[in-house]
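What follows is each chain in one-letter form.
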Amino acid sequence: MADSAIRMENVIDVSVDECEMEKTTIAINYNEDDGDSDDSSDEDESGLLTEIEKLEATLQTNPYLYDIHVALIAALKKSGNLEKLRRQREQMSSLFPLTEVLWLDWIRDEMNLSVSDVEKDAVVVLFERAVKDYLSVELWLEYAQFSIGRMGSSGENDICRCREVFERAIVAGGLHVSKGSVLWEAYREFEKAILMTLQPLDSDVTAEREQAISRQCNRILNIFKRQLSVPLLEMEKTYEEFEDWGSVEKRDPNVKFVYNKAHAKLKKITPFEEALFRAEPSTESVYRNYINFEMQEGEPTRIQCLYERAIVDNCLSSLMWEEYVNYLEVQLKISDVILPVYERAVRNCPWSVKLWQGYLRALERYNESSDKVKEVTETALAAGFSSADEFRELWLTYLDFLRRQINWNQDHDEVLELLRRTFEKAHKHLIDGFGLDGDFNCLILQYWARIEAKYCKNMEKAREIWNDILHLGHMQKAQMWLEYSNLEKAFGNAKHVRKLFARAMQSTSDWPESIAEAWLNFERDEGTLEQWEVALSKIKSRMKIIQEKRLQAVEQNATEEEAEKLKKTETVRQNVDGYAKCLGSRSLKRVAMKRKFEDLNEQTAKPNFTTDRDGFKIPRMPNQDRGVHKPSQRKLETSSKGSFEKQKAFIEQIGRASCRERV
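Description of the structure in this document. (Residues numbered from 1 in each chain as written. Predicted model: local features only at pLDDT ≥ 70, side-chain atom pairs only at ≥ 80, totals over all residues. Heavy atoms only, no water.)

1. A look at the packing of helix α2 (residues 66-79) against helix α3 (residues 82-95)
Now for step 1: At a minimum axis distance of 9 Å, the contact between α2 and α3 shows a crossing angle of 160 degrees. Classified by the interaxial angle, the pair formed by α2 and α3 is roughly antiparallel. Regarding α2 and α3, the two cross each other, and that crossing is left-handed. Contacts between α2 and α3 involve Y66, H69, V70, L72, I73, L76 and K77 from the first element and K84, L85, Q88, R89, Q91, M92 and L95 from the second.
Now for step 2: A class-by-class count of the residues in the contact of α2 with α3 yields eight nonpolar, three polar and three charged. (Axes fitted to C-alpha atoms, helices over the stretch in contact; angles between N-to-C directions. Helix = DSSP H or I, 4+ residues; strand = E, 2+ residues; numbered from the N terminus. Parallel < 35°, antiparallel > 145°, perpendicular 65-115°, else oblique. Left-handed = near helix turned anticlockwise from the far one by under 90°. Contact = heavy atoms within 4.5 Å. Nonpolar A, V, L, I, M, F, W, Y, C, P; charged D, E, K, R; others polar.)

Next up, the structure:
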């Protein structure tokens, strides 16, 4: 066993030496690049420094310019200023998720400079941050190789750490149809290298050594079986390697079955993979078709992996992120999965208020602390939405959370006071930022008034809030008065309801009829005859004034309209006179006869009411005579219509002849 340990250490040392040699080579190249950069900097150092200063000034004005961050990082790397380069990368990472290229560039720079264990631990931290932004097979492979390179004298602990990284890589990207096989192959090669260290140098093999070799072979076989159960590109080569490796009697007979099943699945999804390969950079619709197919198959892990792939290519699509989190909330319902995805979603699409709202509700659903919810809300408010409606929706979501934190059957003074302060803060924030348009219908203040009336039993405070609402430009709007009256009827008293309706009738100008109807219905349900008559009297008096104002407004607008109508009428009359002259007096006589015939029909029409057996006169409905068979009238109308068409054609013929004679 001691010999085995020595051989394992030798293999590990060799791998470490190879890794160090590779790092040295990269470092030399990096230094050469730095030398080249220094040579070029000597030539145009002033220009590079000027460019860096301009980029930094631009970011100070607006730190959310992604392309400027990338350009500044490239310029700082070219200048060789390592400390400023690190700070700039950290600043960009705090604002945006970084792409695979940016992370690999950053990590490889730090790997080249890491010597001590502390510096290498810092590289591990960078890897952990990098794999959280997007799914990247390349990043996971680099992470696993870096972990293998750190293996030293710790032996089994280092092996366990590398296996943990490989297992996490397989979970994240092992289902990636086009790239996942790289991770599986690297994992197998790592385990095969460990198996080599267990092989005896001589024929003397102990029972303990045989058990270790057997366990390691089973581990490799298990990796083969797991990989062959996943539909991956070029999986046929993997199966051939599996058949060539190990003894036949130790193979699992089920491997062939799972391989055939996975290979059949690969044939089904190959058209989707080919469509992705051929697609333009915007592949959202192609991914959506692929996802719909996988949803019909019903494999959550594959669907999640496919969403991760879609996010990589469509990271700025808020709709794709919304679909992703909605799927996770419906199907998985695991906080450790859903909350990180929400965090990534709002980092990629900070302008989407729907994602922020979903994030806040998810934090509440999974019992995160109030401080965490408050922190996320503050971050969302600082993200900068494009409209007042989005800010208002976010505030309402946070207010919903605070309201649900109150247990009204227990002591709640402190939480209630926080809720009230938040109502004031939300209203002030919207008014200061957007004026009265910030919350045009005062939804936040209405929400506050309902809380005071329903839960706090404080109608005085609710009335005070509603008075503020009415004085914010809503005094003449009937809909607002009706909302106020509904609250007063539900939680107030009849005395205040009547006062409110009286104020509403005096103030409303857009739709006073609705106030009158609501007032009379209230008195019909609650009041006496005297109260109903008083309400009716006030309504009639007010409606008379309103009708007079409406008539005055109509008269003021009528002058211009009448002038326009007279102008149009004069134009029409001139056209008609000219046409009549062309047709001659005969056509005019025929028109006069037709009008006389129509007047005669109107005079002989039936009365517009009927009398029932109790003596009530019931107005006739407009369509009451429809369907009644009147053969004589129908025949008359038909004959008149036919003769009129003939007369019209004859008149036009005469008119054309008359016009030709005049010409």
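That was the structure; now back to the text.
2. Points about the packing of aromatic side chains
Now for step 1: In this structure the tally under the stated criterion is 26 aromatic pairs.
Now for step 2: Judged by centre distance (6.1 Å) and plane angle (10 degrees), the ring pair of F501 and W519 falls under stacked. Residue F501 is located in helix α23 (residues 494-507), and its partner W519 is located in helix α24 (residues 512-526); the two are separated by 18 residues in the primary sequence. Like F501, the residue W519 is buried in the burial classification.
Now for step 3: Grouped by ring-pair contacts, the aromatic residues F224, Y239, F242, W245 and Y259 constitute a single cluster. (Phe/Tyr/Trp six-rings, centres within 6.5 Å; stacked < 30°, edge-to-face > 60°. Buried < 20%, exposed > 50% of the residue type's maximum accessible area, 1.4 Å probe, protein only.)

3. Points about empty space enclosed by the protein
In this approach the atoms are scanned with a rolling probe the size of a water molecule, which exposes any empty space left behind.
Now for step 1: One pass over the full model with this rule turns up two cavities of 30 Å³ or more.
Now for step 2: Put simply, the largest cavity is a space of about 50 Å³.
Now for step 3: For the largest cavity, the full set of lining residues is L175, V177, Y290, E294, R302, C305, L306 and R309.
Now for step 4: The set of elements that each furnish at least two residues to the lining of the largest cavity consists of α12 (284-297) and α13 (300-313). (1 Å grid on protein atoms, 1.4 Å probe; cavity = no way out; pocket = protein on both sides within 12 Å on 5 of 7 lines; lining within 4 Å. Points joined across faces, edges and corners; volume = space filled by probe spheres on them.)

4. Here's the deal with the pattern of salt bridges
Now for step 1: Enumeration according to the criterion identifies 37 salt bridges in this entry.
Now for step 2: Residue R86 pairs with E110 through a salt bridge whose shortest N-O separation is 2.9 Å. Linking R86 in helix α3 with E110 in helix α4 (residues 100-113), this pair joins segments that are 24 residues apart in sequence.
Now for step 3: Residue class for E110 comes out buried when judged on its relative accessible area of 12%.
Now for step 4: Close ionic contact of R163 with E156 constitutes a salt bridge, the shortest N to O distance being 4.0 Å.
Now for step 5: Relative accessible area serves as the criterion here: at 13%, R163 is assigned to the buried category. (Salt bridge = Lys/Arg side-chain N within 4 Å of Asp/Glu carboxyl O.)

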